[in-house]
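Breakdown of the fold
Listed here are the chains, written in short residue letters.
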Amino acid sequence: MNSDHLSKRLQTVVRFIPMGSRLADIGSDHAYLPCYAVKKGIATFAIAGEVAEGPYRSALKQVQIEGLTKSISVRKGDGLEVVEPGEVDCVTIAGMGGTLIANILERGKEKLSDVKRLILQPNIGAISIRKWFLENGWMLISEEILEEDGKIYEVLAAEKGDPYTGYNGKLESGLLLGPLLQKKQNEIFKKKWTFEKANWKRILHQLEQAGDKPENRQKKEELLHKISLVEEALRQK
Ligand code: SAM
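Helix and strand counts for the chain come out as nine helices and seven strands. Its C-alpha atoms give the chain principal-axis dimensions of about 60 × 35 × 30 Å. A burial count over the chain gives 49% of its 237 residues as buried. Across the chain, every contact between residues at least 6 apart in sequence was considered, and the portion connecting residues at least 24 apart equals 66%. For the chain, the centre of its 36 positive side-chain charges and the centre of its 33 negative side-chain charges are spaced 3 Å apart.

Structure (structure tokens):
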């Protein structure tokens with residue numbers, strides 16, 4: 001992968017960036033995504049934010065090599081602290097856990113007042129992001145699920161609006177599986193949740209083998225509940 005040929009995962013993120021955006025890519029590593037978006041004319045300006053020294057240096061070097069220093073500002077800092085209010089209208093955060101992404105959004109809320117679209121790609125735990133959307137008035141406009149190199153990724157795009165849109169009253173399974181993904185149920189979705197369900201059943205079996213310990217009871221109930229949510233969702237298609 002490089003800034004001319006993005007991975008399928010990052011290409012999916014880029015697909016949701018509106019043409020002419022002013023973009024902040026948080027956790028940018030090599031800055032491949034902002035370089036690509038600027039070169040393709042999708043973003044007119046971009047900030048590549050990085051908290052770690054090594055990736056920050058890689059991003060700086062990449063932007064210099066590509067001759068993009070006029071349109072891409074590489075900044076070192078934690079989450080959205082690298083962005084000034086009103087500076088960007090689109091934010092991408094990719095390749096981290098959902099809890100960390102939701103935490104970055106929560107701590108940087110005041111920087112989002114002029115942001116029109118969030119595009120987030122959690123490696124795991126998309127549920128944390130959907131919960132954050134609900135609590136903060138962001139509406140899912142699209143969800144994608146894709147497989148690359150044997151891993152399954154979700155991409156969530158949201159804009160400000162009624163955060164309950166799309167759930168059709170099925171809040172609990174929607175938060176876990178994705179309300180829009182659940183509606184579509186493509187083969188990758190079915191594969192992911194069939195696998196997760198089998199994994200939970202295996203853990204449940206292990207807990208049952210360990211005898212009826214009070215400390216395991218809650219864990220078992222949670223697993224049973226999640227298994228039934230997924231079974232119910234998969235049956236509906
Ligand atoms: N976004 C790129 C991608 O999807 O290919 C890079 C993903 S990389 C696995 C995650 C990057 O996020 C790392 O470079 C890490 O240093 C950075 N990161 C983690 N927490 C961060 C934070 N709070 N603020 C900014 N960057 C962060």
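This brings us to the site of the ligand. If you check the shell around the ligand, you find 17 residues, and the closest are R9, G27, E50, D78 and G79. In this structure, a nitrogen atom belonging to the ligand sits 3.4 Å away from a main-chain N or O atom of V51. Interatomic distance of 3.0 Å between a backbone N/O atom of A94 and a nitrogen atom of the ligand. For the ligand, whose free accessible area comes to 590 Å², the fraction covered by protein is 78%. Put simply, the parts of the chain that give the shell around the ligand at least two residues each are α1 (8-15), β4 (90-96) and α4 (98-107). Of the residues assigned to the shell around the ligand, the class counts are nine nonpolar, four polar and four charged.

All right, on to the packing of aromatic side chains then. Evaluation of the coordinates by the stated rule reveals two aromatic pairs. Taking the centre distance of 6.3 Å and the plane angle of 65° together, the rings of W132 and F133 count as edge-to-face. The same class applies to W132 and to F133, which are both buried. Ring plane angle 45° and centroid distance 6.3 Å describe the contact between W193 and W200, whose orientation is recorded as tilted. W200 matches W193 in its accessibility class, with the two residues each being buried. A cation sits over an aromatic face here: R9 above Y153, 5.6 Å from the ring centre. Over the face of the ring belonging to W193 we find K192, whose NZ or CZ atom lies 4.9 Å from the ring centre.

Glancing now at the domain arrangement of the chain. Domain annotation of the chain identifies domain 1 (8-181) and domain 2 (188-235). Centre-to-centre, using C-alpha coordinates, domain 1 lies 31 Å away from domain 2. Taken together, the contacts link ten residues of domain 1 with ten residues of domain 2. Taken together, both faces of the contact between domain 1 and domain 2 bury some 1,100 Å²; the carbon and sulfur share is 76%. It is I145, L176 and L177 that lose the most area in domain 1 upon contact with domain 2, and together they represent 48% of the buried surface on that side. The interface formed by domain 1 and domain 2 includes two salt bridges. In this structure, the salt-bridge partner of K192 is E154, at a minimum N-O distance of 3.6 Å. Here domain 1 and domain 2 share two residue pairs in polar contact (both at pLDDT 80 or more) between them. Those elements that provide at least two residues to the side of domain 1 that touches domain 2 are β6 (138-148), β7 (151-160) and α6 (171-177). Among the elements that line the side of domain 1 that touches domain 2, the one with the most residues is α6, at four residues. Of the residues that constitute the side of domain 1 that touches domain 2, the class distribution is six nonpolar, one polar and three charged.

Rules used throughout
- Residues numbered from 1 in each chain as written.
- Predicted model: local features only at pLDDT ≥ 70, side-chain atom pairs only at ≥ 80, totals over all residues.
- Heavy atoms only, no water.
- Helix = DSSP H or I, 4+ residues; strand = E, 2+ residues; numbered from the N terminus.
- Buried < 20%, exposed > 50% of the residue type's maximum accessible area, 1.4 Å probe, protein only.
- Contact = heavy atoms within 4.5 Å.
- Lys, Arg positive; Asp, Glu negative; His and termini not counted.
- Charge placed at Lys NZ, Arg CZ, Asp CG, Glu CD.
- Near = heavy atom within 4 Å.
- Polar contact = N/O pair within 3.5 Å; in protein donor to acceptor, adjacent residues only side chain to side chain.
- Areas by Shrake-Rupley, 256 points an atom, 1.4 Å probe, with all protein chains shown as cover.
- Nonpolar A, V, L, I, M, F, W, Y, C, P; charged D, E, K, R; others polar.
- Phe/Tyr/Trp six-rings, centres within 6.5 Å; stacked < 30°, edge-to-face > 60°.
- Lys NZ or Arg CZ within 6 Å of the ring centre and 35° of its normal.
- Domains from an automatic or database assignment.
- Buried area = accessible area lost by both parts, 1.4 Å probe.
- Salt bridge = Lys/Arg side-chain N within 4 Å of Asp/Glu carboxyl O.

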